[in-house]
Amino acid sequence: MPTPEIWFLTGSQHLYGPETLRQVAANSTEIAASLGVTFKPVLTDSDAIRAICLDANADPNCAGVILWMHTFSPAKMWIGGLTQLKKPVLHLHTQFNRDLPWSSIDMDFMNLNQAAHGDREAGHLHVRLGLARAIAVGHWSNPRVRDRIERWARVAYGWQALQATKICRFGDNMRQVSVTEGDKVSAEMKFGFSVNGFGLGDLVAVMNDVSESEVSSLIQEYDELYDIADELRNDRRSSLEDAARQEIAIRRFLEAGGFTGFTTTFEDLHGLNQLPGLACQRLMADGYGFGAEGDWKTAALLRFMKVVANGEGTSFMEDYTYHLDPDRPLVLGAHMLEICPSIANNRPRMEIHPLGIGGKADPVRLVFDAPPGPAINASLIDLGHRFRLIVSEVDAVDVPAMPKLPVARAVWKVKPDFESGIAGWIRAGGAHHTVFSYGVTAADLRDFAEIAGIECVVIGEGTRYDDLVNELRWNEVAFRA
Ligand code: MN
């Protein structure tokens, strides 16, 4: 994935004369270089501001813009530009000098370093415009400020990727399921990603063209990466070959169509011998979005979060079963097969076991545990007239070995506590399918929701159930427009 640019736009005006503007440009250049973003000439009038905003829109490599008012920049000059701007915005409220030069401070210093009021003028206009934006406050050398900017930039990259995301659905939805349904037209208008369906026969045709040598070289790759069960090397080798053929075919189909995410469903497997499990796991590990049972919203959210996480463990997930010990209640997350090995804590074992549903041959899968540590679950739901993003902060934990469980899994503790966290999730309408991630935070998803203009409900440390119920009630009104 190419790293896009973030543009650094500095606001000023002509009032201060060329000497001051030269200094403003020099300071901005230094800050932009230090932040690893792209410096653009200092903006001093409405025509230039409008032109740079239109340039940002037109440049496919520009993922977002940072705005900073080094001096006072009368904000009416920004109306023409900001009303046109389509890229994510971060308002950086910083100052070139960290410390006041107590013994030498004079009016020149004050006039040069006046973001303290310049950015308030900007912020006021942002409110008038209803501008979606993140705000970072503090000196640009401060690690907290830099981290805030870096995290936002990753979300902006993810947003940019989402605009070009195409999700391929093999078959339709699992029959009768509510939460995986939704309005694909609204989703494309809101988030940019498109979702289209294909018959399984189209995939089977690609599968039939896969050569034996391609299959055996992929199995060699499996051998390097995983501990393969003996039976898959011997009497059940043909199941492994089938699984490898599925992976090659799905990958080829997705590449040919420019897809970066896909769904499958066990209720539509015409022409496939087994439910694709291994293929889904391995394609997720390569950055593809995936949703089981036709869940295209989770597939798109996973693709987005893969970009934001930049390779850190992120997987399709399902809340499966509970450990209801009152002293330490836990959730076991897993799926029939399809958990991404990017969250594996150990070298995955490749195994084959029966699958009770779908009426097909036993599927091959990777089995592993997920590591302990802070993580999130995220669910994007369609409420009919709008979308809601629900985020649950959790702590993944180590648990005793589960030698008879034939699927990859993660076990976690819900915040703020089991009762409030789970009640809150159910009250908000969160799905059983989620994206589980160690690399994306609730704060990142708040930034995403701000850019997309959707509701984001975070359930974490400090959440009180009664307050959450009120938040949901009030948000019904806030997001009605
Ligand atoms: Mn499921």
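The structure displayed is predicted, hence computed values, not measured ones.

Cut-offs used in this document
- Residue numbers here run from 1 along each chain, matching the order of that chain's written sequence.
- Residues qualify for local features only when their pLDDT is at least 70, as the model is predicted, and side-chain atom pairs are given and counted only at 80 or more; totals for whole chains, interfaces and linings, by contrast, use all residues.
- Side-chain numbers here rest on the full set of heavy atoms in the structure, without hydrogens or water.
- Strands here are runs of E lasting at least two residues and helices are runs of H or I lasting at least four, both read from the DSSP assignment and numbered beginning at the N terminus.
- A radius of gyration in this sense is built from C-alpha atoms; the matching globule rule multiplies 2.2 Å by the number of residues raised to 0.38.
- Buried means the residue's accessible area, taken with a 1.4 Å probe over protein chains only, is under 20% of the maximum for its type, while exposed means over 50%, and partly exposed covers the values in between.
- Only the protein chains shown count as cover for residues, and the accessible areas themselves come from Shrake-Rupley with a 1.4 Å probe.
- In summary, the charge assignment counts Lys and Arg as positive and Asp and Glu as negative, without counting His or the chain termini.
- To locate a charge, take NZ of a lysine, CZ of an arginine, CG of an aspartate or CD of a glutamate.
- Contacts are assigned to residue pairs that have any heavy atoms within 4.5 Å of one another.
- Counted as coordinating are nitrogen, oxygen and sulfur atoms within 2.8 Å of the metal, or 3.2 Å for Na, K and Ca, while water is not included, which may make sites look incomplete.
- Working definition: a ring pair exists when centres of Phe, Tyr or Trp rings (six-membered ring for Trp) sit within 6.5 Å. Plane angles under 30 degrees give stacked, over 60 give edge-to-face, the rest tilted.
- For a lysine, the NZ atom is tested; for an arginine, the CZ atom; a charge sits over a ring if that atom is within 6 Å of the ring centre and within 35 degrees of the ring normal.
- Here, a salt bridge means any Lys or Arg side-chain nitrogen found within 4 Å of an Asp or Glu carboxyl oxygen.

Undergrad: Residues and numbers for the overall build of the protein, please.
TA: Secondary structure summary: the protein contains 16 helices and 19 strands in total. Scaling as 2.2 N^0.38, a compact globule of 481 residues should have a C-alpha radius of gyration of about 23 Å, and the protein matches this with 25 Å. Referenced to the eigenvectors of the C-alpha coordinate spread, the extents of the protein come out at roughly 85 × 55 × 45 Å. Counting every position in the protein, which comprises 481 residues, the buried fraction comes to 54%. For the protein, the exposed area adds up to about 20,800 Å²; of that, 51% sits on carbon and sulfur atoms. Considering the protein, the positive charge centre built from 46 side chains and the negative charge centre built from 62 side chains are found 3 Å apart.

Undergrad: Tell me about the environment of Ala 249, residues and numbers included.
TA: Within the secondary structure, Ala 249 is located in helix H11 (residues 237–257). Residue classification places Ala 249 among the buried positions, given a relative accessible area of 0%. With 46 residues separating them in the primary sequence, Ala 249 and Leu 203 have C-alpha atoms 6.8 Å apart. In this structure, Ala 249 is in contact with Leu 203, Val 206, Met 207 and Val 210, ignoring residues within four places of it in sequence.

Undergrad: Describe the environment of Phe 259, and please don't skip the residues or the numbers.
TA: Of note, Phe 259 is situated in the loop between H11 and strand E9 (261–263). Note on Phe 259: relative accessible area 9%, which makes it buried. Residues Phe 259 and Lys 404, spaced 145 residues apart in sequence, show a C-alpha to C-alpha distance of 36 Å. Sequence-distant contacts of Phe 259, defined by excluding residues within four places in its chain, comprise Lys 166, Ile 167, Cys 168, Phe 198, Phe 253, Leu 254 and Tyr 288.

Undergrad: Break down the coordination of the manganese ion for me, with residues and values.
TA: Taken together, the protein ligands of the manganese ion are Glu 293 (OE), Glu 318 (OE), His 335 (NE2) and His 433 (NE2), with distances of 2.1 to 2.2 Å. Judged by relative accessible area, Glu 293 falls into the buried class, the value being 8%.

Undergrad: An account of the packing of aromatic side chains is needed here, citing residue identities and associated values.
TA: All told, the structure shown has 18 aromatic pairs when counted by the stated rule. Seen in terms of ring centroids, Phe 198 and Phe 259 are 5.5 Å apart; in terms of plane orientation they differ by 80°. Their pairing is edge-to-face. One end of the pair, Phe 198, is in strand E7 (residues 194–198); the other, Phe 259, is in the loop between H11 and E9, with 61 residues separating them in the sequence. Given a relative accessible area of 28%, Phe 198 falls into the partly exposed group. By way of ring pairs, the aromatic residues Trp 159, Phe 191, Phe 193, Trp 296, Phe 304, Phe 387 and Phe 448 are connected into one cluster. Note that Lys 40 overlies the ring of Trp 7, its terminal NZ or CZ placed 4.0 Å from the centroid. Sitting over the ring of Trp 296, Lys 297 keeps its end group 5.2 Å from the ring centre.

Undergrad: Give me helix H15 (residues 442–452): which residues, what numbers.
TA: Burial analysis of H15 places eight of its 11 residues in the buried class, which makes it a mostly covered element. Turning to H15, its buried residues number three or more, namely Ala 442, Asp 444, Leu 445, Asp 447, Phe 448, Ala 449, Ile 451 and Ala 452.

Undergrad: Talk me through the pattern of salt bridges; I want residue IDs and the actual numbers.
TA: One pass over the structure, following the stated rule, counts 26 salt bridges. In this structure, Arg 282 and Glu 247 form a salt bridge, with 2.7 Å as the shortest nitrogen-oxygen distance. A residue pair is termed long-range when its members are at least 10 positions apart, and Arg 282 in helix H12 (residues 278–285) and Glu 247 in helix H11 qualify at 35 residues. Its relative accessible area of 2% is what places Glu 247 among the buried residues. Its salt-bridge partner being Glu 476, residue Arg 386 comes within 3.1 Å of it at the nearest N-O pair. One end of the pair, Arg 386, is in the loop between strand E15 (373–382) and strand E16 (387–396); the other, Glu 476, is in helix H16 (residues 465–478), with 90 residues separating them in the sequence. For Glu 476, a relative accessible area of 24% gives the class partly exposed. It is possible to trace a salt-bridge network through shared partners that takes in Glu 221, Glu 247, Arg 251, Arg 282 and Asp 286.

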